[in-house]
Amino acid sequence: SQQGEEDPQALSIQEGENATMNCSYKTSINNLQWYRQNSGRGLVHLILIRSNEREKHSGRLRVTLDTSKKSSSLLITASRAADTASYFCATDATGEDYKLSFGAGTTVTVRA
Amino acid sequence: EAGVAQSPRYKIIEKRQSVAFWCNPISGHATLYWYQQILGQGPKLLIQFQNNGVVDDSQLPKDRFSAERLKGVDSTLKIQPAKLEDSAVYLCASSPRAVAGGRDTQYFGPGTRLTVL
């Protein structure tokens, strides 16, 4: 079963704008990870945020985690055409910490 | 360092036929994963190996799917016989440590796109 659900399912923005996508999950987690998948390719790890962390940054990416609301957000600032991809959150549920459960993803299209 | 290698990249078969996929993880990575990704969905874990032992295969349809990881390095995933609903991308991933899968970064291969007619 898929633990995480991303919102929106699809997002279209102009180059230079920010893109925000959200992930909600159902059970307690140890960690939450975000991955990117370009069309026809494998997934690439972006960020891992632990349950005791609230915010992490990596370059133009900002991830927040609110364990009380069981939700996370991924913000991409100053988007580029190369950011066009699907973005997945993956959770490491407490008690099932040997595996990641992926959501269905948010498809982001950055228009030039 | 070289990434996770998978072959073939594409495979088309008819239902009830057999198919095998191969994965070579990043050198030295202890943990290897096989995922199934159906179009429009996120990856679903099929099986996870730590070294050459199985950690979790609870979502592997064992009546038709099998996987092995010989000598704790390369791995093969087999489907026999294939069904229409097996059409998907099969992704292999590896991670460096022999720890719980969710606590480590996973490195994915490009996947094998399987079409069952």
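See the structure shown above.
Residues numbered from 1 in each chain as written. Chains lettered and ligands numbered in written order. Predicted model: local features only at pLDDT ≥ 70, side-chain atom pairs only at ≥ 80, totals over all residues. Heavy atoms only, no water.

Looking now at unusual backbone geometry. Across residues other than glycine, the phi torsion is negative in most instances, and most of the peptide bonds are trans. Across the junction of Asp7 of chain A and Pro8 of chain A, the peptide omega takes the value 0°, indicating a cis bond. Tracing the sequence through the fold places Pro8 of chain A in the loop between strand 1 (5–7) and strand 2 (10–14). A cis amide bond, omega -10°, links Ser7 of chain B with the succeeding residue Pro8 of chain B. Counting through the fold element by element, Pro8 of chain B comes out in the loop between strand 1 (5–7) and strand 2 (10–13). Unusually for a residue other than glycine, Ala78 of chain A sits at a positive phi of about 45°. For Ala78 of chain A, the location among the structural elements is in the loop between strand 8 (71–76) and strand 9 (85–93). Even without being glycine, Asn51 of chain B reaches a positive phi, approximately 55°. (Helix = DSSP H or I, 4+ residues; strand = E, 2+ residues; numbered from the N terminus.)

Let's shift gears to the interface of chain B and chain A. Tallying the contact residues gives 24 residues for chain B and 22 residues for chain A. Where chain B abuts chain A, roughly 1700 Å² becomes buried across the two surfaces, and 47% of that area is made up of carbon and sulfur atoms. Across the chain B-chain A interface, the total number found is 0 salt bridges. Classifying every residue of the side of chain B that touches chain A gives 8 nonpolar, 12 polar and 4 charged. (Contact = heavy atoms within 4.5 Å. Buried area = accessible area lost by both parts, 1.4 Å probe. Salt bridge = Lys/Arg side-chain N within 4 Å of Asp/Glu carboxyl O. Nonpolar A, V, L, I, M, F, W, Y, C, P; charged D, E, K, R; others polar.)

Here we take up the side chain of Ser94 of chain B. Residue and element names in this part refer to chain B. In this structure, Ser94 sits in strand 9 (residues 88–95). You can call Ser94 buried: its relative accessible area is 0%. When sequence neighbours within four positions are dropped, the list of residues in contact with Ser94 reads Val4, Pro25, Ile26, His29, Thr31, Leu32, Tyr33, Thr105, Gln106 and Tyr107. (Buried < 20%, exposed > 50% of the residue type's maximum accessible area, 1.4 Å probe, protein only.)

Right, let's talk about the pattern of salt bridges for a bit. All names here are of chain A. On inspection of all chains with the given rule, the structure shows 5 salt bridges over all chains. Glu55 serves as the salt-bridge partner of Arg62, at 3.2 Å between the closest nitrogen and oxygen. Across the pair Asp83 and Arg60 runs a salt bridge, and its minimum N-O distance is 2.9 Å. Within this pair, whereas Asp83 is found in the loop between strand 8 and strand 9, its partner Arg60 is found in the loop between strand 6 (55–58) and strand 7 (61–66), the two being separated by 23 residues in sequence. Residue classification places Asp83 among the buried residues on the basis of a relative accessible area of 9%.

This paragraph deals with the packing of aromatic side chains. Tallied over the entire structure, the rule returns 8 aromatic pairs over all chains. Ring centres of Phe102 of chain A and Phe108 of chain B lie 6.2 Å apart, and the angle between their planes is 80°; this geometry places the pair in the edge-to-face category. Of the two residues, Phe102 of chain A sits in strand 10 (residues 101–102) while Phe108 of chain B sits in strand 10 (residues 107–108), which places them in two different chains. In this structure Phe102 of chain A comes out as buried when scored by relative accessible area, which is 1%. In this structure Phe108 of chain B comes out as buried when scored by relative accessible area, which is 11%. Consider the rings of Tyr35 of chain B and Phe108 of chain B, whose centres lie 5.4 Å apart with planes at 40°: the pair is tilted. (Phe/Tyr/Trp six-rings, centres within 6.5 Å; stacked < 30°, edge-to-face > 60°.)

Residue position: Thr27 of chain A is located in the loop between strand 3 (19–24) and strand 4 (29–37). The spacing of Thr27 of chain A and Ser79 of chain A is 52 residues in sequence and 32 Å in space, taken between C-alpha atoms.

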